[in-house]
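Single-letter residue listing:
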Amino acid sequence: MEKSLDVVTFGETMVLFEPVQMFPLEYVSQFHKHIGGAESNVSIGLKRLGHQVGWFSKLGNDPFGRYILQFIRGEGIDTSACIQTDEAPTGLLFKEKKSHENLNVFYYRKHSAASLMTPEDLDESYIANAKFLHVTGITPALSETCEQTVFRVMDIAKKNNTTIVFDPNLRLKLWKAEKARAVLLKMSELADVILPGLDEGTFLTGETEPEGITAALNKNGKKTIVVKLGSKGAYYHTDEESGYVTGYPASQVIDPVGAGDGFAAGIISGMLRNDSLPATVARGNAIGAIVVGMHGDVEGLPREDELERYLDNGSNNKDVNR
Ligand SMILES: Nc1ncnc2c1ncn2[C@@H]1O[C@H](COP(=O)(O)OP(=O)(O)OP(=O)(O)O)[C@@H](O)[C@H]1O
Ligand SMILES: O=C(O)C(=O)C[C@H](O)[C@H](O)CO
């Protein structure tokens, strides 16, 4: 069967309130409204690069749920598997910026609509119809039923030859370290591609160097693992090849949140294009460097033509197009 979706992803997307002023949150009086959610960030990143993407979640049947759905649908993502419920509200997320270096997030997502996702909600054929599944370690932290849903989706993907890309996205505000480690390691075992940050890799394996982390996560071979190294770029590893790909210099660092999601979109996109692994990692690095230079998680995600100009210009990353 020819698969018509390139990528499917799912998880909680919240309304993200970004403070206009750089104050402790209790003194901020104005916010910009955006959307935030690792999986929808990745879906938007992939769509802008020209891929066919489906994203789903459970949203509250409320104005914020409608805002999220309209935004994601407006980006051209297939949202036909998304559910709206009266049972619980849409989750919210507030960022706090006390200085450029001091960034904090506050979640209002306990018992949210997304936390009510269950395996019974799933449309198996929708997942089977995708070439890639993108899944994060945020979803199983939301509730027991979300954890069950994640493993059910991974199981469906495995049975249907859908490549599983796993970003651990460790969020210790959402669950206890011991439980997080156990679940994220179980997800790593099931995944074909793993995208940990260096700290996440250390958290999962106890190893402090990218080489040790990838060796520990790839015990059974066969996996592609790319360790994100912030401004330094990334280290990739398979049984056949491994190496470092230097990052692109960010013109400025305005908001580092979302760089990892842009990176994931670049990696999946490179794989869909059958690019070499170093070229695929370079795509991820370039998108990460572009994203950190803009406010919001999704606003900075480049279109394919912008990304190509950026890659062609090398370190001279000014996007002048005239
Ligand atoms: N300051 C920077 N300058 C240039 N590139 C960067 C910078 N920060 C991040 N990147 C690029 O983005 C990628 C992902 O960033 P990072 O390592 O911060 O991931 P992460 O911790 O998963 O991010 P997130 O906060 O979104 O979860 C890096 O591997 C790198 O390619
Ligand atoms: O932290 C979360 O749960 C989010 O999904 C919000 C942000 O958009 C995400 O962290 C960026 O990776």
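For the structure, check the block above.
Note that the coordinates shown come from a computational prediction; the quantities given were computed from them, not determined experimentally.

About the thresholds
- Residues numbered from 1 in each chain as written.
- Chains lettered and ligands numbered in written order.
- Predicted model: local features only at pLDDT ≥ 70, side-chain atom pairs only at ≥ 80, totals over all residues.
- Heavy atoms only, no water.
- Pairing = 2+ DSSP bridges.
- Helix = DSSP H or I, 4+ residues; strand = E, 2+ residues; numbered from the N terminus.
- Axes fitted to C-alpha atoms, helices over the stretch in contact; angles between N-to-C directions.
- Contact = heavy atoms within 4.5 Å.
- Expected span 1.5 Å × (residues − 1).
- Buried < 20%, exposed > 50% of the residue type's maximum accessible area, 1.4 Å probe, protein only.
- Near = heavy atom within 4 Å.
- Polar contact = N/O pair within 3.5 Å; in protein donor to acceptor, adjacent residues only side chain to side chain.
- Areas by Shrake-Rupley, 256 points an atom, 1.4 Å probe, with all protein chains shown as cover.
- Nonpolar A, V, L, I, M, F, W, Y, C, P; charged D, E, K, R; others polar.

Taken in spatial order, the 4 strands line up as β3-β2-β7-β8 in an open sheet, and their pairing is mixed. Strand pairing shows two members of the sheet lacking a second neighbour, β3 (31-36) and β8 (103-108), which therefore form its edges. Strand-to-strand, the axes of this sheet are offset by a mean angle of 25 degrees, without reference to chain direction. As judged from the 6 bridges shared by strand β2 (residues 14-19) and β3, these two strands associate in the antiparallel manner. For Leu16, the partnering residue across the bridge sits in β3 and is His34. Contacts from helix α2 (residues 63-74) reach β2, β3 and β7 (92-97), with the element oriented near 65 degrees to β3.

Attention now goes to helix α9 (residues 277-291). Its 15 residues give α9 an end-to-end C-alpha distance of 21 Å, which sits within 8% of 21 Å, the value for a rise of 1.5 Å per residue. Most of α9 sits out of view: 13 of its 15 residues are buried.

As a further point, take unusual backbone geometry. The backbone phi angle of Asn169 is positive, close to 40 degrees, even though this residue is not glycine. Using a relative accessible area of 7% as the deciding quantity, one classes Asn169 as buried. A positive phi angle, near 60 degrees, is found at Asn274, a position not held by glycine. On the secondary structure map, Asn274 appears in the loop between α8 (259-272) and α9.

Further remarks concern the site of ligand 1. Neighbouring residues of ligand 1: 18 residues in total, closest Lys228, Gly233, Gly258, Gly260 and Asn285. Contact between ligand 1 and Gly233: an oxygen atom at 2.9 Å from a main-chain N or O atom of the residue. Here an oxygen atom of ligand 1 and a backbone polar atom of Gly260 are 2.9 Å apart. Burial of ligand 1 by the protein amounts to 82% of the accessible area it has alone, namely 620 Å². When contributions to the shell around ligand 1 are tallied by element, the ones reaching two or more residues are α8 and α9. For the shell around ligand 1, a count of residues per class yields 9 nonpolar, 8 polar and 1 charged.

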